[in-house]
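One-letter residues, chain by chain:
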Amino acid sequence: MLRQESKKFLMIVLGVLLLSVFGLSIAYAILNVTLNIGGSAKVTSADWDISIENVSIVTDGSASVLKQPVVDGTEIKDFNVSLTKPGDAIYITFYVTNNGSIDAKFVNSTLHTVDYGVYKDYMLTYFNVGLTTPEEVNLASGESRMFMYEISWDSMADTLPGNTLPIEINNLGATILYEQK
């Protein structure tokens, strides 16, 4: 009886062993199957390049530029001006250009100004024929928009800022912000 139980046990172990080998063989065959996927894809690079270009300065009256503006990406900065009488003005025009391959959406513009009360006005305007809203200042790849930064002494001012003529305004600038469209 012991022998028969031993034989039975041996047969079960042998069956389990054969099933294990058979299962491992199938698993090995499945893992060795090669998966072929056909097709191709082309990836093109995209670049972001929004910058200020072609800066020009015009003065009106006795106004003068004491320090020329520095251009850094989409920022025009660190320039100094002098205004001596009401009506004096400085007009700095520049183009914001999209030299990249990604369309750009206008976000906002920020002026870097110094407070001199009623003796000065700061204004940044964007213009091209037909542009009326900030959405129209968006830049497709290759496009440019002209901006003008005006620093002026109100021509209607009837008081002077004391004995501090000329008015020197330092560290002026503007930042034009764009994001991916």
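The structure under discussion appears in the preceding block.
Our subject in this report is the structure included herewith. (Residues numbered from 1 in each chain as written. Predicted model: local features only at pLDDT ≥ 70, side-chain atom pairs only at ≥ 80, totals over all residues. Heavy atoms only, no water.)

Details of the nonpolar core
Formed by 26 residues in total, the largest nonpolar core has its most connected members in Ile-92, Phe-94, Val-96, Phe-147, Tyr-149, Ile-151 and Tyr-178. Those elements giving two or more residues to this core turn out to be strand 1 (50–60), strand 4 (75–83), strand 5 (89–98), strand 6 (104–112), strand 8 (144–152) and strand 9 (167–180). When residues of this core are assigned to their parent elements, the largest contribution, six residues, is made by strand 9. In contact with Val-96, other than residues within four places in its own chain, are Ile-50, Ser-51, Ile-52, Leu-139, Glu-143, Ser-144, Arg-145, Phe-147, Ile-176 and Tyr-178. (Core = buried A, V, L, I, M, F, W, Y, C linked by side-chain atoms within 4.5 Å. Buried < 20%, exposed > 50% of the residue type's maximum accessible area, 1.4 Å probe, protein only. Helix = DSSP H or I, 4+ residues; strand = E, 2+ residues; numbered from the N terminus. Contact = heavy atoms within 4.5 Å.)

Topic: the pairing of strand 9
A regular strand carries its side chains on alternate faces of the sheet. With six bridges joining them, strand 4 and strand 9 adopt antiparallel strand pairing. Its bridge partner lying in strand 9, Val-81 is registered against Ile-169. (Pairing = 2+ DSSP bridges.)

So, the side chain of Ser-82
Relative to the elements of secondary structure, Ser-82 occurs in strand 4. Apart from the residues within four sequence positions on either side, Ser-82 is in contact with Ser-62, Ala-63, Ser-64, Leu-66, Ile-90, Pro-166, Ile-167 and Glu-168.

Focus: the pattern of salt bridges
Per the stated rule, a full pass over the model turns up three salt bridges. For Lys-85, the salt bridge is made with Asp-88, and the minimal N-O distance between the two is 3.2 Å. Its salt-bridge partner being Arg-145, residue Glu-143 comes within 3.6 Å of it at the nearest N-O pair. Its relative accessible area of 30% is what places Glu-143 among the partly exposed residues. Here Arg-145 falls in the buried class, since its relative accessible area comes to 14%. (Salt bridge = Lys/Arg side-chain N within 4 Å of Asp/Glu carboxyl O.)

Here we look at the packing of aromatic side chains
Under the defined criterion, the tally for this structure stands at four aromatic pairs. Aromatic pair Phe-79 and Tyr-149: ring centres 5.6 Å apart, planes at 80 degrees, arrangement edge-to-face. Here Tyr-149 lies in strand 8 and Phe-79 lies in strand 4, a separation of 70 residues in the sequence. Across the pair, Tyr-149 and Phe-79 agree in class, each one buried. Taking 5.8 Å as the distance between ring centres and 5 degrees as the angle between the ring planes, the aromatic pair formed by Phe-94 and Phe-147 counts as stacked. Here the residue Phe-94 occupies a position in strand 5, and Phe-147 occupies one in strand 8, the gap between them amounting to 53 residues. Taken together, the aromatic side chains of Phe-94, Phe-106, Phe-147 and Tyr-178 make up a single cluster linked through ring pairs. (Phe/Tyr/Trp six-rings, centres within 6.5 Å; stacked < 30°, edge-to-face > 60°.)

Quick look at unusual backbone geometry
Positive phi, close to 55 degrees, is recorded for Asp-78, a residue that is not glycine. Looking at the secondary structure, you find Asp-78 in strand 4. Here the phi dihedral of Asn-171 falls at roughly 55 degrees; this positive angle occurs in a residue that is not glycine. Considering the arrangement of structural elements, one finds Asn-171 in strand 9. A residue is classified by how much of its surface remains accessible, and Asn-171, at 52% relative accessible area, is exposed.

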